[in-house]
Amino acid sequence: MKERMLITGGNPLEGEVRVSGGKNTAVAVIPAVLLADEPCTIENLPDIEDVRALVDILRSLGAKVTYVPGEFMTIDPRTAEGFQIGYRDSQRLRASYYLLGALLGRCGHAEVYFPGGCEIGARPIDQHLKGFNALGAETETHGGRITAMAKELTGSDVFFDVVTVGGTINVMLAAAKAKGTTIIYNAAKEPHIVDLANFLNSMGAKVKGAGTDVIRIRGQQYLHGANYAVIPDQIETGTLMIAAAATRGDVVIHGCIPQHMEALTAKLLEMGVKVSDSDDAIRVRTLGAHRAVNIKTQVYPGFPTDLQQPMSALLTTARGTSVIQETIFEQRLKHLNEIARMGARVRIVDSMAIIEGVPQLYGAPVTCTDLRAGAALVVAGLMAKGITEIYEPEYIDRGYEQIETKLRSLGADIRRESFE
Ligand code: EPU
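These lines cover the structure that appears in this document, whether it is placed above or below. Nothing here was measured: the structure is a model prediction, and the numbers come from that model.

With that settled, consider the pairing of strand β21 (residues 352-356). Summarising the sheet, strand β19 (residues 321-325) and β21 pair through five bridges and their orientation is antiparallel. Following the sheet pairing, V323 is matched in β21 by I354. Linkage of strand β20 (residues 345-349) to β21, two consecutive antiparallel strands, is achieved through a turn of two residues, within which D350 is found at a positive phi near 50°.

Neighbouring strands of a sheet are bound in pairs by backbone hydrogen bonds; such pairs are parallel or else antiparallel. Ordered in space as β10-β11-β13-β12, the four strands form an open sheet in which the pairing is mixed. What marks the edges here is a single partner per strand, and that holds for β10 (157-159) and β12 (206-208). Here the strands of the sheet are splayed against their neighbours by 15° on average, with no regard to which way each runs. Pairing of strand β11 (residues 181-185) with strand β13 (residues 214-218), which is carried by five bridges, proceeds in the antiparallel orientation. Looking at the pairing, Y185 lines up with V214 of β13. Sheet contacts for helix α6 (residues 165-175): β10, β11, β12 and β13; angle to β11, the most-contacted strand, approximately 175°.

Once that is clear, we can look at the packing of aromatic side chains. All chains considered together, the criterion is met by five aromatic pairs. Centroid distance F159 to Y185: 6.0 Å. Interplanar angle 15°. Geometry classified as stacked. Residue F159 is located in strand β10, and its partner Y185 is located in strand β11; the two are separated by 26 residues in the primary sequence. Classification of Y185 as partly exposed rests on a relative accessible area of 27%. Aromatic side chains F199 and Y228 sit 5.4 Å apart centroid to centroid with 55° between the ring planes, which places their arrangement in the tilted category. Residue F199 is found in helix α7 (residues 191-202), and its partner Y228 is found in strand β14 (residues 227-229); the two are separated by 29 residues along the sequence. A single burial state applies to F199 and to Y228, both of which are buried.

Definitions and cut-offs
Residues numbered from 1 in each chain as written. Predicted model: local features only at pLDDT ≥ 70, side-chain atom pairs only at ≥ 80, totals over all residues. Heavy atoms only, no water. Pairing = 2+ DSSP bridges. Helix = DSSP H or I, 4+ residues; strand = E, 2+ residues; numbered from the N terminus. Axes fitted to C-alpha atoms, helices over the stretch in contact; angles between N-to-C directions. Contact = heavy atoms within 4.5 Å. Phe/Tyr/Trp six-rings, centres within 6.5 Å; stacked < 30°, edge-to-face > 60°. Buried < 20%, exposed > 50% of the residue type's maximum accessible area, 1.4 Å probe, protein only.

See the structure below:
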């Protein structure tokens, strides 16, 4: 049985909602537990498909995992003797490649198939491998599988040619147990890099500089157990902010970190949306018309590529012409062809989208092509007049915990149904 999501648009979102733990932090912190020499407990994990996939993978390696969704996950890595991730498991999520860094650090041997995840561009991993090689590992890619091996990892300088979140995380993982100091230059600065560093340090690792473009990791032989709560999800927060604006609603999002949202907040203010914040909450409301704005995706603290898709849905009805330049993933504009079915006026030229605002979107059947494309279709459906049917909503489940329940609590008319 397949499922589709049904949204009857037009209801303004109103009320209060709590954001879940960060997906992109969770998928780094869970593999990082393999570096520990004692059990660890992680809290505030989002109950999403990517997290469930990692639980299966850790169990397949022999780790003991107790997972109570919404409460905690305790992982005892001491019994994990495996170092191979099968094809199907590797394909279940992008972040399966963090098992490379984590297993290299743990036992000097990792075999993982090329990861799955969203098809939003070429997504090479040359920088990850370059980092492992710099630490003394030998890497080979053959038959769709990546093998990384090292008798001993030795700290070294790693200079990334491009700023890469995944590469930075993978090298941090391997370096945490290497002999000596690793310095990553041109490192990514995203909040989840800082969160991973904090988690590693809570196990006794010595990571300094996370959040800047130079990260120093002094490898440790022994990492102890830790209790850790991951940070709130920056992209879920942003998606809810955009949905509030898109429906001309009034929503308070609790449990978020407003500082992580500055690029989006600035754009929403530029559009004429009202945004205010306190320590751990953001209120978004719309009174007048939305103005068109231009967006260029950039690494943190620039405008995140992960929010470009939901934001583009909002821009389809803004007054004037908006231009979006997607600089991180070359194929991350495909969702706009779906939103065009709903009446959006969009022209895509290479990795640029030119959106001419229309007064109204209209419900139509549309299909998710990736996770954030799905979020964009949800935003479009909430704005549209009539019923929007969203096919392949399971993409959305990879990254958003209980999205329908949360949106319904704010007044949205959204549900899921099975069909043959
Ligand atoms: N790149 C290379 N070589 C590499 C690695 C990356 O050329 O070895 C390029 C990529 O092709 C891309 C750019 O560098 O053009 C940035 O890629 P990055 O490595 O930063 O992305 P990622 O690690 O594959 C993570 C998130 C994405 C998010 C990006 C950018 C996870 C599991 N994934 O991907 O999240 O879009 O960083 O912030 O953390 C999502 O949540 O929907 C999602 C796709």
